[in-house]
Amino acid sequence: MTQATTDALCVNTIRTLSMDAIQKANSGHPGAPMGMAPAAYVLFTRYLKHNPSNPEWHDRDRFVLSAGHASMLLYSLLHLTGYDLSLDDIKNFRQWGSRTPGHPEYGHTPGVETTTGPLGQGLANAVGMAMAERFLASYFNRPGHPVVSHHTYCYCGDGCMMEGITHEAASLAGHLGLSKLICLYDDNKISIEGSTDIAFTEDVKARFAAYKWQVITVEDGNDLDAIAKAIEEAQEDKDRPSLIAIRSHIAFGSPHKQDSSDAHGAPLGEEEILLTKKNLGWPETEPFFVPQEALDVFRQCVDKGAKAEAEWNDAMAAFAKAHPEIAEEFAPIMNGDLPDGWDADIPAFTPEDNVIATRAASGTVLNAIAPKLPTLIGGSADLAPSNKTFINGSGEFQVMNYQNRNIRFGVREHAMGAIMSGMALHKGIRPYGGTFLVFADYVRPAIRVAALMGAPTIYVFTHDSVAVGEDGPTHQPVEHLLSLRAIPNLTVIRPSDATETAEAWKQAITNNSGPTALILSRQKLPVIDRNRYSGAQGLAYGAYVVADAKGKNPDCILIASGSEVNLALQAREQLAEKGVEARVVSMPSWELFEKTTEEYRNRVLPPNVTKRLAIEAGTTLGWERYVGTDGKIIGIDRFGASAPGGEVLNKLGMNVDNVVKNALEL
């Protein structure tokens, strides 16, 4: 069998496996896997540095399928090249409990580097992975010891290229000169509704050239030699990321559906599959046929990968011998272990510190942690002075200065969120990113996928309420707290003062199972006297009693978060003067509170005390679960207004008098 014949057999194995699995599931997207099978085959068998026997090898190349609907392309490759993904898994595509869900899911299928499906996010994830590789290479590598040196490959389709996040992420990648980032662009000119000409006529290659990317064109998506040459050319560029635009044909080989939108998101149909196999010279045997000759070629990746990792292990041993101190850090950092005493320098705030905005306290805490946690890296969407996200003593992460820890994300909130996910998934990096809470709307798609993946990202959202003031309702968050709390596996924490802010950062850093959103004030807040009231360690439980009724069960419970805890404490004093004994509960995090035991929740909110008042400068929806049918909620169910922040709060009922009035009515 000639090499050309063997190559064709391997490519068609990917195509037929993909279309058979999709047909069996009666659901899926066959067109893209069939069109990009040649490029994927060349990449996985000739250039991708990976070890199917150890998908977690630290110095592997990363492959991101940004066009996640083409999942059967990735599953076919993983099975064929020897990952722990069986043919039965392929046959169970898109079924309940299967290891081959409709779109790739991180942590669910061996070899899947990130969850993709929302188009464009995968490219931004890949940018984050490439940034992580550059930082870690700068941190660890020494002359003659390049122990961190790998590429990040990303497969994008026309839909990815249309999404705004792709523009944001690609622009930043070009600015940063991420030369180890290579994007394979499936330029098939078809989307769900038909030809891309109906909505997408820009010059994509010119756009990427303007972003400072190297742009390479492969005119024929079936020309394996041209694809190989393009990948080599991309690898050789040491100054720019590379876009390889591959002119492919959706559903290649299908007599009636090639180059048709009909092949995008529906099975080909049994009759068309038989015609396609005949057209490709494929045996018309039972579905899921894998020729042994093709399997033998693909499975060479197992030995090649084991050899590559063994060589890297030898290199690591030589590195450890030459540079033992820095080498000793490698495994703990890549495994996400926290160094001893990482939180030792977090300050203890007191009332003598006067009033402190929790955003300012956050910046102080960040800079207390950063020297002890050298891979804590992040920045802001062009708001670092306001978000207080700059790490003092470190420079900017820029071209040829990849060792620095302050990332200038620019006004690119969506890309920032997805880039953070890519950095976290790469491992070795603990990323954070900041913007105003109202712009959580721009980050939300990335937050949702981060929560789905359990990525330990940290979002620093400042300017947390209508107290933003003069900027007006466009910049005053109202519904945003609730919208974030609605995302499963996202921990939202809104601290009441500087002391709780320190505790919030501790929770964020130690949360390895999902993202954390810190919700911080612009306005200055009193530091609660912890000698008079309870310590802030209760934040770890999501809610705790700050101040209790004197000498008896409380007549009512005031529940608040953030800046409104101080209102509740002041109201408690006035209520006591009127003969009403109130308990004040700080509830900075619903999610942490719900993780506690029922016994603890009942201690904080005794079921027999039904007169409860919740106070929060945001929408009231959701607080019903804690106040019950006999309780009340003070919140803001309208947009704000442009005026000094204190006045806006007062006009909208966020004042002590209103808290006292409502408590007495209860």
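Counting restarts for each chain, with residues numbered from 1 along the sequence as it is written. It should be noted that, the model being predicted, local features are given only for residues of pLDDT at least 70 and side-chain atom pairs only at 80 or more, the latter also being counted only at that level, while totals for whole chains, interfaces and linings use all residues. As a rule here, side-chain values come from all non-hydrogen atoms in the structure, and water together with hydrogens is ignored.

Asker: Can you help me understand the sheet that holds strand β10 (residues 406-408) in this one?
Answerer: Sheet strands line up and pair through hydrogen bonds in the backbone, either parallel or antiparallel. An order of β10-β9-β11-β12-β14-β13 is seen for the 6 strands of this open sheet, with the pairing classed as parallel. Of all the strands in the sheet, just β10 and β13 (491-493) have a single pairing partner and so form its edges. Adjacent strand axes in the sheet meet at a mean angle of 20°, parallel and antiparallel pairs treated alike. Strands qualify as paired when DSSP identifies two bridges or more between them. Only DSSP runs of H or I covering at least 4 residues are called helices, and only runs of E covering at least 2 are called strands; the numbering of each starts at the N terminus. As judged from the 5 bridges shared by strand β11 (residues 430-436) and strand β12 (residues 458-462), these two strands associate in the parallel manner. Within β12, the position partnered with Gly433 by the bridge is Tyr459. Orientation is described by axes fitted as lines to C-alpha atoms, over the contacting stretch for helices, and by angles from 0 to 180 degrees between their N-to-C directions.

Asker: Just to check I follow, could you spell out the packing of aromatic side chains for this structure?
Answerer: Centre distance and the angle of the planes are the two values used to describe a pair of aromatic rings. Classification of ring pairs rests on two measures: the distance between centres of Phe, Tyr or Trp rings, Trp counted by its six-membered ring, which must be within 6.5 Å, and the angle between planes, read as stacked under 30 degrees, edge-to-face over 60 and tilted in between. What the rule picks out here adds up to 22 aromatic pairs. The interplanar angle of 35° and the centroid separation of 5.0 Å between the aromatic rings of Tyr541 and Tyr600 together place this pair among those described as tilted. A residue pair is termed long-range when its members are at least 10 positions apart, and Tyr541 in the loop between β15 (524-526) and β16 (544-547) and Tyr600 in helix α22 (residues 598-604) qualify at 59 residues. Remark: exposure states derive from per-residue accessible area (1.4 Å probe, protein chains only) relative to the maximum for the residue type, with buried under 20%, exposed over 50%, and partly exposed in between. Among the residues examined, Tyr600 registers a relative accessible area of 11% and is labelled buried. An aromatic cluster of three or more residues is present, and its members are Trp57, Phe135, Tyr139, Phe140, Trp312 and Phe330. Positioned above the aromatic ring of Trp590, the side-chain terminus of Arg485 is 4.1 Å from the ring centre. Whether a charge sits over a ring depends on NZ of Lys or CZ of Arg being within 6 Å of the ring centre and within 35 degrees of the ring normal.

Asker: Just to check I follow, could you spell out the pattern of salt bridges for this structure?
Answerer: Opposite charge on two side chains makes pairing possible when the charged atoms of those side chains draw close. In the sections that follow, a salt bridge refers to a side-chain nitrogen of Lys or Arg positioned within 4 Å of a carboxyl oxygen of Asp or Glu. Under the definition given, this model contains 24 salt bridges. A salt bridge links Arg134 to Glu133, with the nearest nitrogen and oxygen atoms 2.6 Å apart. The class for Arg134 is buried, based on a relative accessible area of 18%. Residue Glu133 is classed as buried on the basis of its relative accessible area, which comes to 0%. For Glu503, the salt bridge is made with Lys506, and the minimal N-O distance between the two is 3.3 Å. Of this pair, Glu503 and Lys506 both sit in helix α19 (residues 498-510), 3 residues apart, which is roughly one turn of that helix. Residue Glu503 is classed as buried on the basis of its relative accessible area, which comes to 14%. In the salt-bridge network here, residues are joined through shared partners; they are Asp84, Asp89 and Arg99.

Asker: Could you clarify how one ought to interpret the UniProt feature "binding site: Mg(2+)" (unreviewed entry) in the protein chain in this entry?
Answerer: UniProt positions are given in the numbering used here, feature names are shortened, and annotations may be inferred rather than shown by experiment. In the numbering adopted here, UniProt assigns the feature "binding site: Mg(2+)" (unreviewed entry) to Asp158, Asn188 and Ile190. For the annotated residues, spread through 33 residues, the largest C-alpha to C-alpha distance comes to 7.4 Å, consistent with a single compact locus. Throughout, a residue-residue contact means that at least one pair of heavy atoms, one from each residue, lies within 4.5 Å. Those residues in contact with Asn188 that lie beyond four places of it in its chain are Asp158, Arg247, Ser248 and Ile250. Its place among the elements puts Ile190 in strand β4 (residues 190-191). Setting aside anything within four residues of it in sequence, one finds Ile190 in contact with Asp158, Ser195, Thr196, Ile250, Asp259, Ser260 and Ser261.

Asker: Where do I start with the pairing of β12 in this structure?
Answerer: Both faces of the sheet carry side chains from a regular strand, because those side chains alternate between them. Judged by how many residues are buried, β12 sits mostly within the fold: 5 of 5 residues are covered. By the alternation rule, side chains of β12 split into Ile458, Val460 and Thr462 and Tyr459 and Phe461, which are all buried. Orienting the strands away from the viewer, one traces the path from the first strand over the helix to the second; a clockwise path indicates a right-handed crossover. This β-α-β element, β11 to helix α17 (residues 440-453) to β12, shows right-handed connectivity. Pairing of β12 with strand β14 (residues 516-519), which is carried by 4 bridges, proceeds in the parallel orientation. Paired with Phe461 across the two strands is Ile519, which belongs to β14.

Asker: Would you mind showing me how to read the UniProt feature "active site" (unreviewed entry) in the protein chain here?
Answerer: The sites that UniProt annotates as "active site" (unreviewed entry) are Glu413. Take Glu413: it is sitting in helix α16 (residues 413-426). If near-sequence neighbours (up to four positions away) are discounted, Glu413 is found in contact with Glu168, Ala381, Thr435, Phe439, Tyr442 and Val443.

Asker: Explain the packing of helix α2 (residues 31-47) against helix α9 (residues 224-236) to me, please; I cannot follow it from the model alone.
Answerer: A pair of packed helices is captured by two measures, namely the crossing angle of their axes and the spacing between those axes. Following both chains from N to C, one finds α2 and α9 inclined at 55°, their axes separated by 10 Å at the closest point. Considered as vectors, α2 and α9 are oriented oblique to each other. With respect to the hand of their crossing, α2 and α9 are arranged in right-handed fashion. Where α2 approaches α9, its residues Pro38, Ala39, Tyr41, Val42, Leu43, Arg46 and Tyr47 are matched on the opposing element by Leu224, Ile227, Ala228, Ile231, Glu232 and Gln235. Ten residues, namely Ala, Val, Leu, Ile, Met, Phe, Trp, Tyr, Cys and Pro, are considered nonpolar, four, namely Asp, Glu, Lys and Arg, are considered charged, and the remaining ones, Gly among them, are considered polar. In terms of residue class, the contact of α2 with α9 is built from 10 nonpolar, 1 polar and 2 charged. Any angle from 65 to 115 degrees is called roughly perpendicular, while one under 35 is roughly parallel, one over 145 is roughly antiparallel, and all others are oblique. Take the far helix as your reference; a near helix turned counterclockwise from it by less than a right angle gives a left-handed crossing, and one turned clockwise gives a right-handed crossing.

Asker: What's the story with the side chain of Glu500 in this structure? I'm lost.
Answerer: Note that Glu500 resides in helix α19. Put simply, Glu500 is tucked away with no salt bridge, and the nearest opposite charge, on Arg530, sits 4.2 Å away. Within polar-contact distance, the side chain of Glu500 engages the backbone nitrogen of Ser496 at 2.7 Å. What qualifies as a polar contact is a pair of N or O atoms within 3.5 Å, subject to a donor-acceptor requirement within protein and to the restriction that residues adjacent in sequence count only when both atoms come from side chains. Side-chain polar atoms of Glu500 contact the side chain of Tyr544, separated by 2.6 Å. Once residues lying within four places of it in the same chain are set aside, the contact partners of Glu500 are Arg494, Pro495, Arg530, Ala536, Leu539, Tyr544, Ser586 and Pro588. Charge convention: Lys and Arg are scored as positive, Asp and Glu as negative, and His as well as the terminal groups of each chain are ignored.

Asker: Would you mind showing me how to read the packing of α16 against α17 here?
Answerer: Contact pair α16 / α17: the axes reach a minimum separation of 6 Å and the direction vectors enclose 20°. For the element pair α16 / α17, the angle class is roughly parallel. Between α16 and α17, the contacting residues are Glu413, His414, Gly417, Ala418, Ser421 and Leu425 on the first element and Tyr442, Val443, Pro445, Ala446, Ala450 and Met453 on the second. Counted by class, the contact of α16 with α17 contains 8 nonpolar, 3 polar and 1 charged residues.

Asker: In this structure, what is going on with the sheet that holds strand β20 (residues 632-634)? I would like to understand it.
Answerer: The sheet built from 5 strands is open, its strands ordered β16-β18-β17-β19-β20 with mixed pairing. Two strands in the sheet have a free side with no partner beyond their single neighbour: β16 and β20. The average angle at which neighbouring strand axes cross in this sheet is 30°, direction not considered. Seen against the sheet, helix α20 (residues 564-577) touches β16, β17 (556-560), β18 (582-586) and β19 (612-615) and runs at an angle of roughly 160° to β17.

Asker: Would you mind showing me how to read the state of the cysteines here?
Answerer: Here a disulfide denotes a covalent bond joining the sulfur atom of one cysteine to the sulfur atom of another. Throughout, a disulfide means two cysteine sulfur atoms within 2.5 Å of one another. Under the counting rule described, the total for this entry stands at 0 disulfides. There is no disulfide at Cys156, and the cysteine sulfur nearest it, in Cys183, is 3.6 Å away. Under the relative-accessibility criterion, Cys156 is labelled buried at 0%. Cysteine Cys160 is unpaired, with the sulfur of Cys156 as its nearest cysteine sulfur at 4.5 Å.

Asker: Looking at this structure, how should I read the domain arrangement of the protein chain?
Answerer: A common way to express how large an interface is: the accessible area buried when the components associate. Domain start and stop positions are those given by an automatic or database domain assignment. The domain architecture assigned to the protein chain consists of domain 1 (3-305), domain 2 (351-526) and domain 3 (541-665). The C-alpha centroid of domain 3 is placed 52 Å from the C-alpha centroid of domain 1.

Asker: Would you explain α2 in this entry?
Answerer: Because an α-helix packs 3.6 residues into every turn, residues spaced three or four apart end up facing the same way. Compared with the 24 Å implied by 1.5 Å per residue over 17 residues, the 24 Å span of α2 between its first and last C-alpha is a close match. Across the chain, bend at a residue is computed as the angle between axes fitted to the seven residues ending at that point and the seven starting from it. At Ala37, α2 shows its maximal kink, close to 55°; a proline, Pro38, follows between one and four residues later. With 16 of its 17 residues buried, α2 lies for the most part within the structure. One fewer than the residue count of a helix, multiplied by 1.5 Å, yields its expected span.

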